[in-house]
Amino acid sequence: MLSMGTDGDGYRSSEKMEAEGVGGERVVVSGPLSKRGSRKSARFNLSASTSSSSSAAAGRGDDEAYVEITLDVRDDSVAVHSVKPAAAGEVEDPEVSLLARTLEKRPASFGSSLIRNASSRIRQVSQELRRLASGPKRQAVVRFDRTKSAAAHALKGLKFIAKTDGATGWAAVDQRFDELAVDGLLHRSHFGQCIGMKESTEFAGELFDALSRRRNITGDKITKAELREFWDQITEQSFDSRLQTFFDMVDKNLDGRITEEDVKEIITMSASANKLSNIQDQAEEYARLIMEELDPNDLGYIEIYNLEMLLLQAPYQSMNIGTTNSRNLSQMLSQKLRPTREPNPLRRWYQHGKYFIEDNWQRTWVMALWLAICAGLFTWKFIQYRHRAVFDVMGYCVCVAKGGAETLKFNMALILLPVCRNTVTWLRTKTKLGKAVPFDDSLNFHKVIAAGITVGVGMHAISHLACDFPRLLHTKNYAPMESFFGSTKPGDYWWFVKGTEGWTGLVMVVLMVIAFTLASPWFRRGRFKLPKPFHRITGFNAFWYSHHLLVIVYVLLIVHGYFLYLTKKWYKKTTWMYLAIPMILYASERLIRAFRSSISAVKILKVAVYPGNVLALHVSKPPGFRYHSGQYIFLNCAAVSPFQWHPFSITSAPQDDYVSVHIRTLGDWTRQLKAVFSQVCLPPTSGKSGLLRADYDDDSINGGCPSIPRLLIDGPYGAPAQDYKQYEVVLLVGLGIGATPFISIVKDIVNNMKELESLGLTDDDVDDDDVETGSGGSHKRSASVSSSAASSFKTRRAYFYWVTREQGSFEWFRGVMNEVAETDKKGVIELHNYCTSVYEEGDVRSALIAMLQSLNHAKHGVDVVSGTRVKSHFARPNWRTVYKRIALKHRDQRIGVFYCGAPTLTKELRELAHDFSHKTSTKFDFHKENF
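In this text the structure is predicted, and so the values were computed from the model without any measurement. Residues take numbers from 1 onward in each chain, read along the sequence in its written order. Selection of residues for local features in this predicted model requires a pLDDT of at least 70, selection of side-chain atom pairs for listing and counting requires 80 or more, and totals for whole chains, interfaces and linings are taken over all residues. Excluded from the side-chain calculations are hydrogens and water; all other atoms, namely the structure's heavy atoms, are used.

**Student:** Explain the state of the cysteines to me, using residue names and the numbers behind them.
**Tutor:** Any two cysteine sulfur atoms within 2.5 Å of one another count as a disulfide. Under the definition given, this model contains 1 disulfide. There is a disulfide in this structure between cysteine 397 and cysteine 467, and the S-S distance comes to 1.7 Å. Around the S-S axis, the bridge from cysteine 397 to cysteine 467 shows a dihedral of about 65 degrees and counts as right-handed. Taken together, the positions of cysteine 397 in helix H18 (residues 396-414) and cysteine 467 in helix H20 (residues 442-474) put the pair 70 residues apart, joining distant regions of the chain. Summarising the burial analysis for this pair, cysteine 397 and cysteine 467 share the class buried. Not engaged in a disulfide, the cysteine cysteine 399 finds its nearest cysteine sulfur in cysteine 397; these two sulfurs lie 8.8 Å apart. Classification of cysteine 399 as buried rests on a relative accessible area of 0%. Helical segments are the DSSP runs of H or I of at least four residues, strand segments are the runs of E of at least two, and each set is numbered from the N terminus. Throughout, exposure labels follow a simple rule: accessible area from a 1.4 Å probe, protein chains only, divided by the maximum for the residue type, with under 20% read as buried, over 50% as exposed, and the rest as partly exposed.

**Student:** Tell me about the packing of helix H33 (residues 879-889) against helix H34 (residues 906-919), and please be specific about residues and values.
**Tutor:** With axes taken as lines fitted to C-alpha atoms, and helix axes fitted only over the stretch in contact, angles between N-to-C directions fall between 0 and 180 degrees. Interaxial distance between H33 and H34 falls to 10 Å at its minimum, and their mutual angle equals 35 degrees. For the pair H33 and H34, the crossing hand works out as right-handed. Contact residues: Trp879, Arg880, Tyr883, Lys884 and Ala887 in H33; Glu908, Leu909, Leu912, Ala913, Asp915 and Phe916 in H34. Within the contact of H33 with H34, the residues separate by chemical class into 7 nonpolar, no polar and 4 charged. By convention, the crossing between two helices is left-handed when the near helix turns anticlockwise from the far helix through less than a right angle, and right-handed when the turn is clockwise. Contacts: residue pairs with any heavy atoms within 4.5 Å of one another. Under the scheme applied, nonpolar residues are Ala, Val, Leu, Ile, Met, Phe, Trp, Tyr, Cys and Pro; charged residues are Asp, Glu, Lys and Arg; polar residues are all the others, including Gly.

**Student:** Explain the pattern of salt bridges residue by residue, including any values.
**Tutor:** Whenever a carboxyl oxygen of Asp or Glu lies within 4 Å of a side-chain nitrogen of Lys or Arg, that contact is scored as a salt bridge. Under the counting rule described, the total for this entry stands at 21 salt bridges. Between aspartate 209 and arginine 188 there is a salt bridge whose closest N-O contact spans 2.9 Å. On the criterion of sequence distance, the pair formed by aspartate 209 in helix H8 (residues 201-214) and arginine 188 in the loop between strand E7 (186-187) and helix H7 (191-195) is long-range, its members being 21 residues apart. On the accessibility criterion, arginine 188 (26% relative accessible area) is partly exposed. Between glutamate 830 and lysine 889 there is a salt bridge, with the nearest N and O atoms lying 4.0 Å from each other. Taken together, the residues glutamate 830 in strand E18 (residues 829-835) and lysine 889 in helix H33 connect sequence positions 59 residues apart. Salt bridges sharing partners connect three or more residues here, namely Arg797, Glu830, Arg885 and Lys889.

**Student:** So what's going on with the nonpolar core? Residues and values would help.
**Tutor:** Only buried residues count toward a nonpolar core. Its members are Ala, Val, Leu, Ile, Met, Phe, Trp, Tyr and Cys residues joined through side-chain atoms within 4.5 Å. Formed by 92 residues in total, the largest nonpolar core has its most connected members in Phe191, Leu227, Ile267, Phe800 and Ile829. It is helix H32 (residues 844-860) that contributes the most residues to this core, 8 residues altogether. Beyond its immediate stretch of four places on either side in the chain, isoleucine 267 contacts Ile279, Ala283, Tyr286, Ala287, Ile290, Leu848 and Leu852.

**Student:** Report on the packing of helix H11 (residues 260-273) against H32, specifying residues and quantitative values.
**Tutor:** At a closest axis distance of 8 Å, the pairing of H11 and H32 adopts a crossing angle of 110 degrees. By the angle between their axes, H11 is roughly perpendicular relative to H32. Viewed along their axes, H11 and H32 form a crossing whose handedness is left-handed. Between H11 and H32, the contacting residues are Ile266, Ile267, Ser270 and Ala271 on the first element and Arg845, Leu848, Ile849 and Leu852 on the second. Looking at side-chain class alone, the contact of H11 with H32 contains 6 nonpolar, 1 polar and 1 charged residues. Reported orientations rely on four angle classes, namely roughly parallel under 35 degrees, roughly antiparallel over 145, roughly perpendicular from 65 to 115, and oblique for the rest.

These values are about where atoms sit, not about what they do.
Structure (structure tokens):
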């Protein structure tokens, strides 16, 4: 207990500060705190006996079991100066620091009330520590590790709203009351919207009832004054007050006791608020688990202190930054990363330019080369026509038209190369060009070239149609043009349009406009909701078929380039020269795809339809099919469309004897594919996941089921994620179905670890310098070869963050998660699952879920949210904290950051990678793959 008094001069003083130890022993620190601006410290024993870390604490010495709190006492304020372990001044528990920050008080205006609050909270902490150490009845419920500060957790948890500043938040609540109230009364159904719980109407209704019962308010309506009382209570900073409010929501008869049925009801309500359907279905089982834990004497009820104990034992969902000995480094890093503006504009521009070149030098030289070639071709053709006779009639218009045509021919040839996937995959895998050429941006470069084509078409077509032809029709000096247009001058504009040169050019422009428009994200992703029958021009199908109109464009381009107005000699008609090699290469790739994939359809081994509209397909490996983790394949299903091929990331590892993909049904083609396979699937058997399932024997022909659709695959093809092997440490971030390439990577790392263990090797044993190369080595040849293969696998540490909205998504890769948790004994792979439908840590709506998570994982080793052995986190990650933690742990190293998912996170992750790379010794290389 920490007792504080007031001396005769009106200053706060501490006559006695005492902390009760585990065995009833008291440590007393006495002395005045009445000096102006003085500081005083006291030690609190943190009751190491309640955790499995007591023996370790004893080994470190008695002082390490104490926390030293230093207070600054002044005329009108009490502030916590520092909170740290007594024996190690340079080490500070971050969660105890949270307690310190919570106890900090603002000076001046609030005066003695602030001092009373600080005294009250310190007394709360002391009482809580004594209570945890004393009562044998309550110690009985402590059955799992207590590694966190219960006091700090209490001060942070059980928040009913995101912002607990009642004075500031009331203004918005007051305004919403005026909008929602009828005749000055707010109905219960609008209470959640009024206080900021719009998405948790049911939970807000129970809170309304609990607050009303305490005030003997009957009916479903309250006044503004009563709402203010409700608001003051739910924004109360006192943990005891918040706990009592939460308890009242369950204790509906106000008898101070909660039965198993009450627990089940609050579990169902919390699960509903967090969109956790699986927990709702098992609410009865989880209620029984809580009662077994908190009611060991089978009384049939629990009291408020039981619930308090369970809440205080719920661990943090967030992670500590770094290790305990890096606290000072963490603070220094935070200061270094603080944004500061360079006052000198020249130096600021220099720094920005330097950082830009460092981060984008590959893209920079490729874009510079492309622009230089386009500019050179335009200039060359412009000057050439500037000195020809037609310039005297058509002027600079013909120079611009011919310069634009030259860049158009070059770009129409170049645009085919980025989509020659076999060639690009071979170059990035088998050559060293990947170090200088940004193959990850091949699709983006394809789009940039398309923009260049648009500019070239515009210059060529507009200059001819709006300038050259009208000037020719009205010229009086027709003689220089007779050799090109005949002895008779064209009579009207229609003469130019109906000619081969004219109609081919106009048809090409129309087809390009259609193809480019339907390829834009608004149409391709179906963001435009058009009425029937125009809805068919949006979506992937419209993009797919319209893009194949460009085959006609290339044919017309060759015809257009042969029938030219101003060029008659065949060797000067260069269109076919530009297009020949790229078109042959692209056509060869399409023929290879058709030949390679149509020899025989792959055998479908397993089909499963999981929650979240995800279709999983396991197929046999075609002969000679080899791939790297992170790559993707194309699928074709004739039952859906005989012509369409769609890319999907491979989720199996290269060592697996099958190839698997997980397909999210987002578009028209994927929806039809799921419908086709769902018709032939059977309901899941007991113990098997998936809403629909079909498993087939290898001995049967296509599973012995002739109704199974015929499936063709083509690939594999290179993707950004396959470059993870270049890094010793990788950060893998998957958003929703974007986790698919990283599942293959994680499985590959696990298989590599198993191989090392089977050889009796560890990561430290495998090194490039230690691999035997001579014939007289002491190791066996097979071990040497395996060791050499293992040494080529550079990745030795992986951090995998999977962020998904739906609880059912964890069903997709449950087996992989459990395998990693069971196999990875050395912690090589860190798995972090985030369920964004669950409210963030500390929110009262997720408090009970956190309690359940701790109990169930301690007892059964299974997470209640994900259903795997990997504990899930709530809400969204703090990505700056993630980067900071890795930067502290891997100083002076290069980290590969790989992101796959929707474009929403790309900018934030890229900017953080740049920021940390520029301001710390850790370098982050960012790679992304959007869909």
